[in-house]
Amino acid sequence: MAVRLLISVLVILLFSFTYASDPAPLQDFCVAVKDDEAKVFVNGKICKDPNMVNADDFFFPGLNKPGNTSNAQGSKVTPVNVNQLPGLNTLGISLVRIDYAPYGLNPPHTHPRATEVLVVVEGTLFVGFVTSNPADPNVKNKLFTKTLHPGDVFVFPEGLIHFQFNVGKTNAFVFAGLSSQNPGVITIANAVFGSDPPINLDVLTKAFQVDANVIKYLQAQFK
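The shown structure was predicted, so the numbers you read here are calculated from the model rather than taken from an experiment.

Scoring rules and cut-offs
Residues numbered from 1 in each chain as written. Predicted model: local features only at pLDDT ≥ 70, side-chain atom pairs only at ≥ 80, totals over all residues. Heavy atoms only, no water. Helix = DSSP H or I, 4+ residues; strand = E, 2+ residues; numbered from the N terminus. Buried < 20%, exposed > 50% of the residue type's maximum accessible area, 1.4 Å probe, protein only. Contact = heavy atoms within 4.5 Å. Areas by Shrake-Rupley, 256 points an atom, 1.4 Å probe, with all protein chains shown as cover. Patch = residues over 30% accessible without salt bridge, like charges linked within 9 Å, V, L, I, M, F, W, Y side chains within 5 Å. Salt bridge = Lys/Arg side-chain N within 4 Å of Asp/Glu carboxyl O. Polar contact = N/O pair within 3.5 Å; in protein donor to acceptor, adjacent residues only side chain to side chain. Axes fitted to C-alpha atoms, helices over the stretch in contact; angles between N-to-C directions. Parallel < 35°, antiparallel > 145°, perpendicular 65-115°, else oblique. Left-handed = near helix turned anticlockwise from the far one by under 90°. Nonpolar A, V, L, I, M, F, W, Y, C, P; charged D, E, K, R; others polar.

(A) Inspection of the overall build of the protein at higher detail. When its secondary structure is counted, the protein shows four helices and ten strands. Its helices and strands in sequence order give the protein the pattern α-β-β-β-β-β-β-β-β-β-β-α-α-α, from N to C terminus. For the protein, with 223 residues in total, the buried portion stands at 37%. Sequence separation of 24 or more characterises 74% of the internal contacts of the protein that already satisfy a separation of 6 or more. Carbon and sulfur atoms provide 60% of the accessible area of the protein, an area that totals close to 13,200 Å².

(B) Molecular detail of a nonpolar patch on the surface. Residues Phe 208, Val 210 and Val 214 make up a contiguous nonpolar surface patch of roughly 230 Å² in combined accessible area. Structurally, Val 214 is set in helix H4 (residues 212-220). The exposure class of Val 214 is partly exposed, given its relative accessible area of 38%.

(C) Molecular detail of unusual backbone geometry. A cis geometry characterises the amide bond from Asp 196 onward to Pro 197, with omega recorded as 0°. The topology assignment puts Pro 197 in the loop between helix H2 (188-193) and helix H3 (201-208). For Thr 90, which is not glycine, the phi dihedral falls at a positive 75°. As for its placement among the helices and strands, Thr 90 is situated in the loop between strand E1 (75-80) and strand E2 (94-100).

(D) Structural context of H3. N-cap assignment for H3: the residue whose side-chain oxygen lies 2.7 Å from the backbone N of Asp 202 is Asn 200. Where H3 ends, the next residue or the one after it, Gln 209, has phi of about 55°, a positive value.

(E) The arrangement of the side chain of Gln 181 in detail. Structurally, Gln 181 can be placed in the loop between strand E9 (172-178) and strand E10 (186-187). One polar contact links Gln 181 to Asn 89, side chain to side chain, over a distance of 2.9 Å. Only 2.3 Å separates the side chain of Gln 181 from the backbone nitrogen of Thr 90, close enough to count as a polar contact. Beyond its immediate chain neighbours, meaning those up to four positions away, Gln 181 contacts Asp 22, Gly 44, Lys 45, Asn 81, Val 82, Leu 88, Asn 89, Thr 90, Leu 91, Gly 92, Ile 93 and Ser 94.

(F) Structural context of the packing of H3 against H4. Two elements in contact, H3 and H4, have axes whose closest approach is 9 Å; the angle formed by their N-to-C orientations is 110°. Comparing the axis directions of H3 and H4 gives the class roughly perpendicular. Considering how the two elements wind past one another, H3 and H4 form a crossing that is right-handed. In contact with Leu 201, Leu 204, Thr 205 and Phe 208 of H3, H4 contributes Ala 212, Ile 215, Lys 216 and Gln 219. Classifying every residue of the contact of H3 with H4 by side-chain character gives five nonpolar, two polar and one charged.

What follows is the structure, given as C-alpha cells:
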C-alpha cells in the first residue's frame, strides 16, 4: 500500500510540474503568511521572512487517512493547497485526495485556475468533462467520459466542468495534482442554486427553461 501511495504521488507531482500555470517563482521559496497575519494584499500570498522558515512550512501529514464520506454526495475532498501547506506558495502546484463511498459522487465542478490530473488508487470510477461552448451555436458542448480502474490516469483541462462517480460497490480513492497553488473550486449546483443572496428566480427559470416551482425546489435543497 505504501509503495502504491508513493508511486501515485510521484506521478501526480511529475504531471503537476509539467503543466504548472501559476507565475514562476523568483526565489528558492516564498512560504505563505497566513491571511489573518498579512498586512499587505497581493495576487496570492505574501512571503514569510526566510529566516523564520522551517521544515514544517513544507510538510503536510495525513493523506494516508480516508476522508469522511458520510454526506449527501458520498465523497470527501482533502485538499493540500497553499492554505494547508504554505510552502506551496509560488510553486504552481497543489494536491488533493478524494474519497468516495460506494456510488459516491464528486459532483460537476470546475477549477478556474488549474488543470487537474487524477490517478486512481482504489476502486472503479466513471469520470468525465464537458467542453466549453462551441463557436457554432448549433453544436452542443461535447462530453468526454471514461471508466477508470486502479493505476489509470485521467486529465481534466483547466476551467472545464468535470466530475467523478464511484460505480463500484466498494470504497474508492484517488490522488489528483493541480497546476496551481490555489486552484479554486466552483461546484455548479451550489453556485447556481445556493448562492447568497439567491440568483433572481426569473433569471433561472429562463436559463433552465423550467417552471418557477422547480427552481424554488432546487434552491431549497441548498439552504
